[in-house]
Amino acid sequence: MSLLAYAEDRDPGESSDTEAEPDALVDFTAMLRQRQREYGGWFGCGSKMQAEQSDQGYYLEQYVLGVLDFSSQYGIDYSISYTAANVIGRPTKFPAYGDYPETFPMVSRSGPCPTPFPFNSRPQRTYGDWWQRAPSATREIQAQNLPKLTTHDYIVVYFEEFVVPTEVAIFETFNPGSVVRIWAYGLTKHWTCLWEATESDLARPALDSRRFAPALKKTTMITKTLRIDFNHSRLNYYTEIDAIMLCGRTVSKTQSLLGKQQKRMQQQTQRQVLASPPAEASDPPATDGSGGPISYKLRTLKFQPNCHEDGATKLHDFINNDLSQFLMDNSVKGGGDLGPPHPLPPPPPPQVCLTDLPFEILLRILSYLDLKSLFRVGQVSRTFYDISTHPLLYAELSLKPYWHVASSELLCTLARRATMLRKLDLSWCGGLGNVSPTEFKKFLTQRGDNLTHLRLNSCKFLNASCIENVGIVCDNLIELSLRNCATDPPLLNFSCLANLKNLERLDLFQTAFETELLLSMLEGNRKLKHLNLAFCGVSVNMDNVAAHLATYNTQLISLDLWKAHFLSARGLQSLARLHQLEELDLGWCLREASLGDGLFQLLTNCPKLKKLFLSAVRGTTERDLMHIAALGKNLEQLDLMGILNITHERAYDILVHCPKLQLLDLSFCDNIMDRDFDLLAEWSRQFNVDIKSSRRY
């Protein structure tokens, strides 16, 4: 048995006085065998023990060395609280259960961010399907591409050593149960899904920390890069990840193994080609000598036509003129004795093939197929290829579910088919350089002039030239989504986006930009209905933005200002002039000690409000809570997380006077005591409202 212990991971001949690497596990047996190969026998004494193959390596458990990419994070990059970087290294909180700033929570769709407050900052709203019920909810582009369990968030991490993976362990410390897929990136530069959740896997686990290590599919690939996919729809509250561990056997000759894998793939491809019949091949003739019914009858009658010099002509005349009468006279049935002549049965009705349907019907049938199936149908026949490549089937394109195969070559192929493209979603694509900025610009130049919807969330191939191309070519856009595309300081030049004049939806979540550019875009897009400026950077003065919105964007329906800076009571009064508002997120946004009459004016002038989030707005007073109860008749979602002044009496008042309320978040409210939690649970049943609290059940 191998002895495993913590030790330093050094090459032969390396100095032994370096610090031990705590994340490496060294197999002493493998070290002894390595010494045997170097000196011969068992320490040079001629032992009969055979040397182990050098490619076998040793078993290794390692934790994350770095983060390559992520879709969202609750914290900010220059902070250590609630960021993706917290998954690096060993678990810091596991096996403890609870909400800890040293972990990694996500902010799917929208959500707050921690800031220095008198109480601990808390993440929220990355759970359930509440965002789907909000007025700002969007429809997925080419929804038939989505898997049964969709991905809401992801994180891509890498480790120090290449291994053949045998286990991936995810340490969940708060509300576990959101992991739906585990991917590995191999040396062949392809992603492989090692595990995918089923419905039974998503059964809500106990509210306790857990080391989640599902059974991976057996593989010979070597990797040190993983991607974890999350789905929050089944969670009762947000989840937090403490660490990720990759277990497997190391390989001593990586390049040799890579060559073996490539050779194996080539051999498999050759076998598939040899095993498949040629494209134009027909069915082979029968080898049993039986033939069909006509041949059988002719043999039974010992029919032997006289084939002399004009025999071929006579046989041709017989087949054309006399064969039908011959068959009727002899009652051909396909074999057996001759019976009395009787008329042949009527011919069967002609069969209708799928290709006999009208072209429009076939086009409608194929419109329900996902993108992968469309490409497969095109390989059936020339007819199906012509139908499956029709431009109407590519009016909407979404490569987001196919992020793992999206490439410049695929974009080139789609550019030939999508001549009528209207909606495009390339979110999450190009993370490891598979999509080049040049190919994206070429695609956009060819097919972007008629685009109305463009989503480029977390696209790592974007550069200043790409954004410039969007502003110049896509002047018909009514939706533009650039979530998590640039951090502070801005790395992209958004000046050309001022050319866009028809926008109705603009999403710049966690994307830094300049205030003057944003104000210019707001002034030029008077039909804007949905705007997301959450976590948009410290350089944007939200009071100026609010004044511009009240002046030029009076049709606004939803506005997300979570973690926006420099919004005061004056800005809140400007927002009160947006009479069509149905959704407003001010979480972690208002810093003033008092909101004045701003909230009262907002509730009075915006009676259509369905969703109001006031997370950690410390200026909220008891009088403001009374205004919410009196004026929030249409409220469906209300977030009061971290409000200092709310009591269970005010909460009950809101429940009684807001009959349409479905969600009420009272988490981490200091005045909601432990004794009130049972009362809140009773009210939740009584008013049929999902009441969130920070109590652990």
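Let me sum up the structure you'll find in this document. This one's a predicted model, so the numbers in the text were calculated from it and none came from an experiment.

1. Quick word on the pairing of strand β9 (residues 223–230)
When you tally the buried positions in β9, you get seven out of eight residues, the bulk of the element. The pairing of strand β5 (residues 153–174) with β9 spans seven bridges and is antiparallel. Residue pairing in the sheet places valine 163 in a bridge with threonine 223 of β9. Pairing between strand β6 (residues 179–186) and β9: seven bridges, direction antiparallel. From the neighbouring strand, arginine 181 faces β9, where its bridge partner is aspartate 229.

2. Some details on the packing of helix α10 (residues 437–447) against helix α11 (residues 464–473)
Two elements in contact, α10 and α11, have axes whose closest approach is 10 Å; the angle formed by their N-to-C orientations is 5 degrees. Classed by the angle they form, the pair α10 and α11 counts as roughly parallel. Contacts from Pro437, Phe440, Lys441, Leu444 and Thr445 of α10 reach α11 at Ser465, Cys466, Asn469, Val470 and Val473. Looking at side-chain class alone, the contact of α10 with α11 contains six nonpolar, three polar and one charged residues.

3. Here's the deal with the pattern of salt bridges
A full pass over the atoms with the stated rule returns 20 salt bridges. Close ionic contact of glutamate 167 with arginine 211 constitutes a salt bridge, the shortest N to O distance being 3.0 Å. Here the residue glutamate 167 occupies a position in strand β5, and arginine 211 occupies one in strand β8 (residues 210–212), the gap between them amounting to 44 residues. For lysine 423, the salt bridge goes to glutamate 396, with nearest N and O atoms at 3.7 Å. Here lysine 423 is found in strand β12 (residues 423–425), whereas its partner glutamate 396 is found in strand β11 (residues 396–398), with 27 residues between them in sequence.

4. Quick notes on the sheet that holds strand β16 (residues 530–532)
What the 12 strands build is an open sheet, ordered β11-β12-β13-β14-β15-β16-β17-β18-β19-β20-β21-β22; its pairing is parallel. Both edges of this open sheet fall to β11 and β22 (690–692), since each of them pairs with a single strand only. Neighbour to neighbour, the strand axes of the sheet diverge by 5 degrees on average, direction disregarded. Bridge analysis of strand β14 (residues 479–481) against strand β15 (residues 505–507) gives three bridges, and the strand direction is parallel. Bridge pairing in β15 places glutamate 479 opposite arginine 505.

5. Digging into helix α12 (residues 515–524)
Residues separated by three or four positions in an α-helix point in the same direction, a consequence of the helix having 3.6 residues per turn. Listing the buried residues of α12 in full gives Thr515, Leu517, Leu518, Leu519, Met521 and Leu522. The inward-facing, buried residues of α12 abut β15, β16 and α13 (542–552).

6. Re α11
Among all positions of α11, only Cys466, Ile467, Asn469, Val470, Gly471 and Val473 are buried. Among the structural elements, α10, β13 (453–455) and β14 are those in contact with the buried residues of α11. The N-capping residue of α11, defined by a side-chain oxygen 3.2 Å from the backbone nitrogen of serine 465, is asparagine 463.

7. Points about the packing of aromatic side chains
Pairs of aromatic rings are described using the distance from one ring centre to the other and the angle between the two planes. Taken as a whole and assessed by the stated rule, the structure comprises 15 aromatic pairs. The interplanar angle of 65 degrees and the centroid separation of 4.9 Å between the aromatic rings of phenylalanine 174 and tyrosine 238 together place this pair among those described as edge-to-face. With a gap of 64 residues between them, phenylalanine 174 in strand β5 and tyrosine 238 in the loop between β9 and β10 (240–250) connect regions that are remote in the sequence. Both residues of the pair, phenylalanine 174 and tyrosine 238, belong to the buried class. Taken together through their ring pairs, the aromatic side chains of Trp183, Tyr185, Trp191 and Trp403 make up a single cluster.

Conventions and cut-offs
- Every chain begins its residue count from 1, and numbering advances along the sequence as written.
- Confidence filtering applies because this is a predicted model: local features only for residues at pLDDT of at least 70, side-chain atom pairs given and counted only at 80 or more, and all residues used for totals across whole chains, interfaces and linings.
- The basis for every side-chain value is the complete set of non-hydrogen atoms in the structure, without hydrogens or water.
- Exposure is judged per residue with a 1.4 Å probe applied to protein chains only, and the accessible area is read against the type maximum: over 50% gives exposed, under 20% gives buried, and values in between give partly exposed.
- Runs of H or I in DSSP of at least four residues are treated as helices and runs of E of at least two as strands, each being numbered from the N terminus.
- A pair of strands is labelled paired if DSSP reports no fewer than 2 bridges between them.
- Here, axes are lines fitted to C-alpha atoms. For helices the fit covers the stretch in contact, and angles between N-to-C directions go from 0 to 180 degrees.
- Any angle between 65 and 115 degrees counts as roughly perpendicular, while under 35 counts as roughly parallel, over 145 as roughly antiparallel, and the rest as oblique.
- Any two residues whose heavy atoms approach within 4.5 Å are treated as being in contact.
- Asp, Glu, Lys and Arg are counted as charged, while Ala, Val, Leu, Ile, Met, Phe, Trp, Tyr, Cys and Pro are counted as nonpolar; the rest, among them Gly, fall into the polar class.
- By salt bridge we mean one thing: a side-chain nitrogen of Lys or Arg within 4 Å of a carboxyl oxygen of Asp or Glu.
- Here a polar contact is taken to be a pair of N or O atoms separated by no more than 3.5 Å, where protein atoms must pair a possible hydrogen donor with a possible acceptor and residues adjacent in sequence count only if both atoms sit in side chains.
- Under the pairing criterion, centres of Phe, Tyr and Trp rings, with the six-membered ring standing for Trp, must be within 6.5 Å; the plane angle then separates stacked pairs below 30 degrees from edge-to-face pairs above 60, leaving the rest tilted.

Everything listed here is a matter of coordinates, which is why it stays silent on function.
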